[in-house]
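Understanding the architecture of this molecule
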Amino acid sequence: MDLTPYLQSEPKSANEEPLLSVAINGSIALAMKGRFFLRCFCESFSEKTRIGCAVTDEESCLSYLKRDSFELLLCTDLLEKGNGFELVRKARELQPGLKVVVLALSDAIPVEYDNAPWLEAVVAEADIIEDRKPLEAAVLAVMGHHSYRSPSLRSDELPYLSCPRLTPREYEVLDRLARGMSDREIAEDLIVTEETARTYTKRLLRTLEVNNRVQAVLKGMRCGMVQI
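Here is a short report on the structure shown in this document. (Residues numbered from 1 in each chain as written. Predicted model: local features only at pLDDT ≥ 70, side-chain atom pairs only at ≥ 80, totals over all residues. Heavy atoms only, no water.)

**Remarks on the overall build of the protein**
Along the backbone of the protein there are nine helices and six strands. By the compact-globule yardstick of 17 Å for 228 residues, the protein fits well, its C-alpha radius of gyration being 17 Å. Taken along the three principal axes of its C-alpha coordinates, the protein extends 50 × 40 × 30 Å. Taking all 228 residues of the protein together, the buried fraction comes to 55%. Pairs at least 24 apart in sequence give 68% of the contacts found in the protein among residues at least 6 apart. Working note: accessible area of the protein is about 10600 Å², and carbon and sulfur atoms make up 47% of it. (Helix = DSSP H or I, 4+ residues; strand = E, 2+ residues; numbered from the N terminus. Rg over C-alpha atoms; globule rule 2.2 N^0.38 Å. Buried < 20%, exposed > 50% of the residue type's maximum accessible area, 1.4 Å probe, protein only. Contact = heavy atoms within 4.5 Å. Areas by Shrake-Rupley, 256 points an atom, 1.4 Å probe, with all protein chains shown as cover.)

Structural data, given as C-alpha cells:
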C-alpha cells in the first residue's frame, strides 16, 4: 500500500496526545505495517508536506529512497511485504546519512542485526504502550547522531501489562482502529454520528489507560484483543 499520494486528503482523527512532538526539518519516509500505523504516524507531524514516503512494504520504500533524499526513516520491523531490518540495511546503503528509527512490534531485535552499525535506534512496542517518551527519545537520539535502544531491549525484560475488560462496543471500536479507520469511517460503519464515534474512541482510550490510538492498538495486540 502506498499512501503517499493521499496524505493531504487523509482525514484528521479526534484530538488526543500526539505520538511524537519532535520537529524534523528534512524529508521523512514512513514504512509501516498497515494503514493504521501509517495514518497515526502521519498525524504525528505538524507538516505533512515533510512526509515524502508513506508505504507498507520494503520495495516501495526503497523505490522512493532511490529517487529522493530523506533525513529520517521511521519503520516497523514487520511490514506487509518485506523485512523492516533489511529495509534499514538497504536504505543506509542507498543513503548513508539517513537517520533511522525502528519500532519493533515483535519486542526484539534478531541476533543477526543486534550489533549492526547501521541499526541506530530501535524501540520495543511494549515500551510505548503507556509512554511515548521512548519513541521521542529514539528520534532525538538519531537526530543528534546517537544510537538508542528502548528500556525493554536494554534489560531484556518486558514491562508488566494489565489487560482491562472491554465492552462489546469497545471491542468493535478497537477492531476498526486497528484497520486504520478514522472517526468518520467508524461512524459510517457503526451507523452512528461522527461525534458519537469520537466519544467511543475516547472511552476506549480511557478504559485501556492510554493516550493515543497507537498505544491503544499496541496494548490491544499484546492483550490478545486485536490483530493487525
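**A closer look at the packing of aromatic side chains**
How two aromatic rings sit relative to each other is set out by the distance from centre to centre and by the angle between their planes. Going through the model one piece at a time under the given rule, you end up with three aromatic pairs. Consider the rings of Phe36 and Phe37, whose centres lie 5.2 Å apart with planes at 65°: the pair is edge-to-face. When the ring of Phe85 is compared with that of Tyr113, the centres are 5.3 Å apart and the planes differ by 15°; the resulting orientation is stacked. Placement of Phe85 in helix H3 (residues 84-94) and of Tyr113 in the loop between strand E4 (99-104) and strand E5 (121-124) is noted, with a sequence separation of 28 residues between them. Aromatic ring contacts, followed pair by pair, group Phe85, Tyr113 and Trp118 into a single cluster. Arg67 extends its terminal NZ or CZ atom over the ring of Tyr64, reaching a point 4.6 Å from the ring centre. (Phe/Tyr/Trp six-rings, centres within 6.5 Å; stacked < 30°, edge-to-face > 60°. Lys NZ or Arg CZ within 6 Å of the ring centre and 35° of its normal.)

**A closer look at helix H2 (residues 58-67)**
Listing the buried residues of H2 in full gives Glu58, Cys61, Leu62, Tyr64 and Leu65. Axial view of H2: buried residues confined to an arc of 160°, hence all on one face. For H2, the exposed residues set more than 90 degrees away from the buried face come down to Glu59, Lys66 and Arg67. Buried positions along H2 lie against strand E1 (28-31), strand E2 (51-55), strand E3 (72-76) and H3. A distance of 3.4 Å separates the backbone nitrogen of Glu59 from a side-chain oxygen at the start of H2, and that oxygen is part of Asp57. (Arc of directions from axis to C-beta. Polar contact = N/O pair within 3.5 Å; in protein donor to acceptor, adjacent residues only side chain to side chain.)

**With respect to the side chain of Ser150**
Looking at the secondary structure, you find Ser150 in the loop between strand E6 (148-149) and helix H5 (151-155). On the basis of relative accessibility, which here comes to 0%, the residue Ser150 falls in the buried class. Not counting chain neighbours up to four residues away, the residues in contact with Ser150 comprise Val122, Val123, Ala124, Asp127 and Pro134.

**Quick look at the environment of Val122**
Summarising the element assignment, Val122 is placed in strand E5. A relative accessible area of 0% places Val122 in the buried class. In this structure the C-alpha to C-alpha distance between Val122 and Leu103, which are 19 residues apart in sequence, comes to 5.9 Å. Discounting chain neighbours no more than four positions away, the residues touching Val122 are Phe85, Val102, Ala104, Ile109, Tyr148, Arg149, Ser150 and Leu153.

**Considerations on the packing of helix H7 (residues 183-190) against helix H8 (residues 194-208)**
The N-to-C vectors of H7 and H8 enclose an angle of 105°; their axes lie 8 Å apart at closest approach. Between H7 and H8, the interaxial angle falls into the category roughly perpendicular. The segment H7 lies against H8, with Asp183, Arg184, Ile186, Ala187 and Leu190 engaging Glu194, Ala197, Arg198, Tyr200 and Thr201. Here the contact of H7 with H8 is built from residues that sort into five nonpolar, one polar and four charged. (Axes fitted to C-alpha atoms, helices over the stretch in contact; angles between N-to-C directions. Parallel < 35°, antiparallel > 145°, perpendicular 65-115°, else oblique. Nonpolar A, V, L, I, M, F, W, Y, C, P; charged D, E, K, R; others polar.)

**Structural notes on the pairing of E2**
Counting buried residues along E2, four of its five residues qualify, which places the element largely inside the surrounding structure. When E1 meets E2, the two strands line up parallel, connected through four bridges. Bridge pairing links Ile28 to Ile51 in E2. You can see the chain leave E1, run along helix H1 (residues 34-43) and come back into E2, and the turn it takes is right-handed. (Pairing = 2+ DSSP bridges. Right-handed = clockwise from strand over helix to strand, strands pointing away.)

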